[in-house]
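Coordinates in review
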Amino acid sequence: MKILVPVKRVLDYNIKPRAKSDGSGVELSGLKMAMNPFDEIALEEAVRLKEKNVATEVIAVSCGQVSSQDILRTALALGADRAILIETDYDLEPLAVAKCLAKLIDKEQPNLVICGKQAIDDDSNQTGQILAALLGWSQATFASKIEVTQDHLDVTREIDGGLETVHVSLPSVVTTDLRLNEPRFATLPNIMKAKKKPLETISAQSLQIDIAPRIRVLKVREPDPRPAGIKVDSVDTLIEKLKTDAKVIG
Amino acid sequence: MHFIEEIQTRLSSYQILINEEDKKSYETDWRGRYQGDSLAVVFPKTIDEVIWTVQCCIKHNIKIVPQSGNTSLCGGSVPITSIPSIIINLSKLNQIREIDLDNNTITVESGVILGQLSDLALKNDRLFPLSMASEGSAQIGGVISTNAGGTAVIRYGTMRALVLGLEVVLPSGELWQGLTGLRKDNTGYDLKQLFIGAEGTLGIITAATLKLLPLPKTKEVYWATTNSVQHTVNVLNHLKKIIGDQICAFEIISSACLQLIKKHFPQLVLPHHEEGDWAILIELDYFNEPQDNHSIFMDCIEKGTVNDVAIAVNEQQRDHFWSIREHIPLAEKREGFSIKHDISLPISSIPQFILEAINEVSKLIPSVGNVCFGHLGDGNLHFNFTNPSQMTKEEFLSLTPTVNQIVYDLVYHFNGSLSAEHGIGQLKVNSLKKYKSQLELSLMQKIKYAIDPTNIMNPGKMLLPNND
């Protein structure tokens with residue numbers, strides 16, 4: 001079984017996003033970028049399936065600028081066999097990413113796509129579902145457990161108030177939830193080995209699909225700052241302030 | 001007029017605690033080992049109030065325990081019941097007096113919390129490098145008075161290296177105004193050095209001018225495993241030779257610590273770990289883009305000094321690696337009682353010391369557990385023994401003096417120190433007396449007597465009076 005894992009380069013999870021001063025988007029320059037955490041989980045699951053001899057090959061794919069090569073190298077260090085960058089300068093929306101992936105899947109013919117349920121930058125939670133629809137494949141979203149049985153998958157999903165297990169036929173698109181697994185750490189020997197693994201670049205243009213943005217961002221701004229709290233020196237003043245300023249008591 | 005009545009004439013009621021319940025948390029040390037009794041806990045808000053309170057204590061012959069965050073690990077900041085004293089708590093003396101970005105200095109009062117100072121430095125695009133587990137509670141006055149260390153000493157030094165000037169209320173009630181921001185000042189004895197690490201026995205530090213440093217652009221955090229302590233020393237030297245002062249932390253962690261982490265914090269997944277491995281947590285700081293250090297570590301792997309190296313590829317993993325290190329004391333606490341040592345040794349002696357110390361203590365207590373972790377880069381080990389399951393806590397506890405003697409005898413055999421960064425406080429007063437030379441003790445007594453002839457400041461801590 002061949003598994004394709006799409007990975008996205010996003011602002012590091014631990015960095016507080018700030019709006020650009022001209023309001024055109026989120027400030028990214030000079031900041032630490034990393035692989036989308038849900039995609040790390042997807043990759044880990046694929047690599048584990050390979051280690052269990054269920055999968056034969058794991059391919060990591062990213063759509064975006066040349067800079068996304070760094071997370072593809074990380075993916076290779078974490079166990080992907082090869083990586084493909086679909087290169088474009090466009091800001092890609094979920095539909096565009098799904099179209100790119102669908103084209104690539106035509107060529108690569110994987111049996112399974114495992115992707116993060118959403119990227120932590122735009123929180124769209126759409127790419128996996130759109131991709132399954134474009135391909136006409138089965139889909140199992142928000143997986144917290146994946147079991148492979150011949151040509152089927154049993155996927156446990158996290159739903160409100162419990163778990164649901166769905167039985168889907170391959171080929172399939174599975175999106176991962178947070179508790180599916182605990183991704184491994186990249187080790188130096190593996191990082192060194194990753195430098196020798198193949199990383200292919202395909203221009204998005206060459207796929208001959210329309211990936212132009214459908215949505216125009218008018219403005220990105222930060223929420224209004226919360227006014228600072230004050231200290232009062234007596235209970236009476238506190239009650240007074242709660243009445244007159246905060247208006248939370250009558 | 002009675003002492004308490006007199007301080008009530010000057011300080012507001014909320015600045016004085018005399019009720020037993022209210023005082024209690026200030027009279028108990030952080031580890032819950034010492035519970036003293038004080039006449040009152042007072043919270044001065046201004047320098048004048050500190051001076052006035054000290055003068056009032058002189059007048060009534062009341063001793064003074066200076067206190068800031070009360071996170072001492074040696075009972076240094078709590079009173080001793082048999083000595084009538086008050087606690088002067090400096091947490092309300094907490095103004096930022098000045099930030100001078102051209103001089104790269106900041107002047108803060110004693111009650112400022114270390115973590116707040118670091119955050120403020122960051123906001124000004126500067127670094128205040130002292131970092132330790134208690135940074136959310138520890139306050140500057142205490143950090144200076146104990147010459148605190150922490151995890152970045154290998155690159156930035158202890159607190160002593162970061163203090164440029166001090167303001168101190170002396171035991172005479174006088175104010176010494178020494179808040180200079182000078183890096184060079186050869187005008188006689190460097191008086192501030194006396195108060196740094198003096199544990200409040202020479203006066204009350206009320207404010208300090210501290211160094212701010214340029215902020216490194218990027219960090220890298222590595223988790224390496226090796227087979228032996230000697231290998232960790234080899235790796236340290238190899239790194240020092242090639243990347244020198246970019247090493248911001250070099251922490252070693254014994255296999256036993258990792259076992260405790262696995263047992264008590266299973267959610268903290270170890271990057272990789274084989275039975276018997278020592279782990280090394282390495283942080284490198286860069287002002288430019290990181291060089292390719294991978295080859296340095298690969299060299300170590302090829303030479304066999306390192307088994308494997310994981311690198312944190314994002315902030316979350318960096319925090320994760322550090323979190324494992326910071327959870328060791330907590331895992332140790334959950335495991336049960338342990339006999340603790342905070343020792344310092346020449347780095348070259350560490351492998352031999354560890355071997356001999358474990359060997360000797362095991363002869364006394366068969367199957368005793370050893371928990372060893374610390375700042376190898378500074379020669380500082382936290383070297384603790386845990387209660388073996390077949391021994392009762394009381395029996396194990398009663399062996400503390402014997403274990404201490406075995407450990408400290410060996411420490412001094414290797415020219416080490418019995419307190420690397422925690423200080424002396426009440427806990428190690430007798431050990432200090434035993435292991436420090438007569439000449440050194442006598443010089444310390446003379447300095448103490450010259451500045452505090454009536455022994456009003458933090459009595460019973462660090463030094464015992466001459467005739468004791």
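Analysis parameters
Residues numbered from 1 in each chain as written. Chains lettered and ligands numbered in written order. Predicted model: local features only at pLDDT ≥ 70, side-chain atom pairs only at ≥ 80, totals over all residues. Heavy atoms only, no water. Contact = heavy atoms within 4.5 Å. Buried area = accessible area lost by both parts, 1.4 Å probe. Salt bridge = Lys/Arg side-chain N within 4 Å of Asp/Glu carboxyl O. Polar contact = N/O pair within 3.5 Å; in protein donor to acceptor, adjacent residues only side chain to side chain. Helix = DSSP H or I, 4+ residues; strand = E, 2+ residues; numbered from the N terminus. Nonpolar A, V, L, I, M, F, W, Y, C, P; charged D, E, K, R; others polar. Pairing = 2+ DSSP bridges. Axes fitted to C-alpha atoms, helices over the stretch in contact; angles between N-to-C directions. Parallel < 35°, antiparallel > 145°, perpendicular 65-115°, else oblique. Left-handed = near helix turned anticlockwise from the far one by under 90°. Domains from an automatic or database assignment. Disulfide = S-S within 2.5 Å. Buried < 20%, exposed > 50% of the residue type's maximum accessible area, 1.4 Å probe, protein only.

**Quick look at the interface of chain A and chain B**
The figure often quoted for interface size is the accessible area lost as the parts come together. Each partner contributes to the interface: chain A provides 17 residues, whereas chain B provides 23 residues. Summed over both sides, the interface of chain A with chain B buries roughly 1,700 Å², with 66% coming from carbon and sulfur. Taken together, the links from chain A to chain B amount to zero salt bridges. Applying the counting rule to chain A against chain B returns five residue pairs in polar contact (both at pLDDT 80 or more). Of all the elements in the fold, those that place two or more residues in the side of chain A that touches chain B are strand 11 (186-187) and helix 5 (188-194) of chain A. Residues that form the side of chain A that touches chain B fall into these classes: eight nonpolar, three polar and six charged. Across two bridges, the pairing between strand 11 of chain A and strand 15 (residues 308-311) of chain B is antiparallel.

**Section: the packing of helix 13 (residues 350-364) of chain B against helix 15 (residues 400-413) of chain B**
Residues and elements named next belong to chain B. The interhelical angle for the contact between helix 13 and helix 15, taken along N-to-C directions, is 155°, at an axis separation of 10 Å. In this view, helix 13 runs roughly antiparallel relative to helix 15, as classed from their interaxial angle. Handedness of the crossing formed by helix 13 with helix 15: right-handed. Facing helix 13, whose interface residues are Phe353, Glu356, Ala357, Glu360, Val361 and Leu364, helix 15 presents Thr402, Val403, Ile406, Val407, Leu410 and Val411. Taken together, the residues of the contact of helix 13 with helix 15 sort by class into nine nonpolar, one polar and two charged.

**Regarding the domain arrangement of chain B**
Residues and elements named next belong to chain B. Domain assignment breaks chain B into domain 1 (3-89), domain 2 (96-214), domain 3 (218-330) and domain 4 (336-453). Taken residue by residue, the interface counts 11 residues in domain 2 and 11 residues in domain 4. With both sides pooled, the region where domain 2 packs onto domain 4 buries about 940 Å², and carbon together with sulfur makes up 59% of that total. Looking only at domain 2, the three residues that lose the most surface to domain 4 are Pro171, Glu199 and Leu202, adding up to 38% of its buried area. Taken together, the connections running from domain 2 to domain 4 amount to zero salt bridges.

**Re the state of the cysteines**
Residue and element names in this part refer to chain B. Using the criterion set out here, one finds zero disulfides over all chains in the structure. Cysteine Cys74 shares no disulfide, and the gap to the nearest cysteine sulfur, in Cys372, comes to 18 Å. This cysteine, Cys248, is not joined by any disulfide, and Cys300 carries the nearest cysteine sulfur, 19 Å off.

**A short note on the pattern of salt bridges**
A full pass over the atoms with the stated rule returns 33 salt bridges over all chains. The residue Glu335(B) makes a salt bridge to Lys263(B) at a minimum N-O spacing of 3.0 Å. With a gap of 72 residues between them, Glu335(B) in helix 12 (residues 328-335) and Lys263(B) in helix 9 (residues 255-264) connect regions that are remote in the sequence. Relative accessible area serves as the criterion here: at 35%, Glu335(B) is assigned to the partly exposed category. Look at Lys263(B) and you get exposed, because its relative accessible area is 54%. The partner of Glu360(B) in a salt bridge is Lys363(B), with the nearest N and O atoms 3.2 Å apart. Taken as a pair, Glu360(B) and Lys363(B) lie in helix 13 at a separation of three residues, close to a single helical turn. Salt bridges linked by common partners bring Lys2(A), Glu57(A), Arg82(A) and Glu108(A) together as one network.

**Focus: the environment of Ile209(A)**
All names here are of chain A. Take Ile209: it is sitting in the loop between strand 12 (199-203) and helix 6 (235-244). The class for Ile209 is partly exposed, based on a relative accessible area of 24%. In sequence terms Ile209 and Lys103 are 106 residues apart; their C-alpha atoms lie 8.6 Å from each other.

**Here's the deal with the sheet that holds strand 3 (residues 63-67) of chain B**
All names here are of chain B. Spatial strand order, 1-2-4-3: four strands in an open sheet with mixed pairing. Looking at the sheet topology across the chains shown, the edges are occupied by strand 1 (16-17) and strand 3. For strand 2 (residues 41-42) and strand 4 (residues 85-89), the ladder comprises two bridges, and the chain directions are parallel. Bridge assignment links Val41 to a residue of strand 4, and that residue is Ile87.

**What about the packing of helix 11 (residues 315-326) of chain B against helix 12 of chain B?**
Residues and elements named next belong to chain B. Contact geometry of helix 11 with helix 12 gives a least axis separation of 5 Å together with a crossing angle of 40°. In terms of their interaxial angle, helix 11 and helix 12 are classed as oblique. Contacts between helix 11 and helix 12 involve Ile324, Arg325 and Glu326 from the former and Ile328, Pro329 and Leu330 from the latter. Within the contact of helix 11 with helix 12, the residues separate by chemical class into four nonpolar, no polar and two charged.

**Section: unusual backbone geometry**
Put simply, Leu170(A) and Pro171(A) share a cis peptide bond, and its omega is 0°. In this model, Gln208(A) sits at a positive phi of 55°, which is unusual for a non-glycine residue. Classification of Gln208(A) as exposed rests on a relative accessible area of 72%. With a phi angle near 60°, Asn415(B) is a residue other than glycine that sits in the positive phi range. Secondary-structure assignment places Asn415(B) in the loop between helix 15 and helix 16 (429-435). For Asn415(B), a relative accessible area of 66% gives the class exposed.

**With respect to the sheet that holds strand 8 (residues 163-169) of chain B**
Residue and element names in this part refer to chain B. Here we have five strands laid out as an open sheet, ordered 5-6-10-8-9, and antiparallel in their pairing. Whereas interior strands pair on both sides, the edge strands pair on one side only; in this sheet they are strand 5 (96-100) and strand 9 (175-178). Going from strand to strand, the sheet's axes swing by 15° on average, the running direction of each strand aside. Here strand 8 pairs with strand 10 (residues 204-211) via six bridges, running antiparallel. Counted as the bridge partner of Val169 is Ile204 from strand 10. The strands touched by helix 4 (residues 114-123) are strand 5, strand 6 (105-109) and strand 10; relative to strand 6, the strand with the most contacts, the crossing angle is about 150°.

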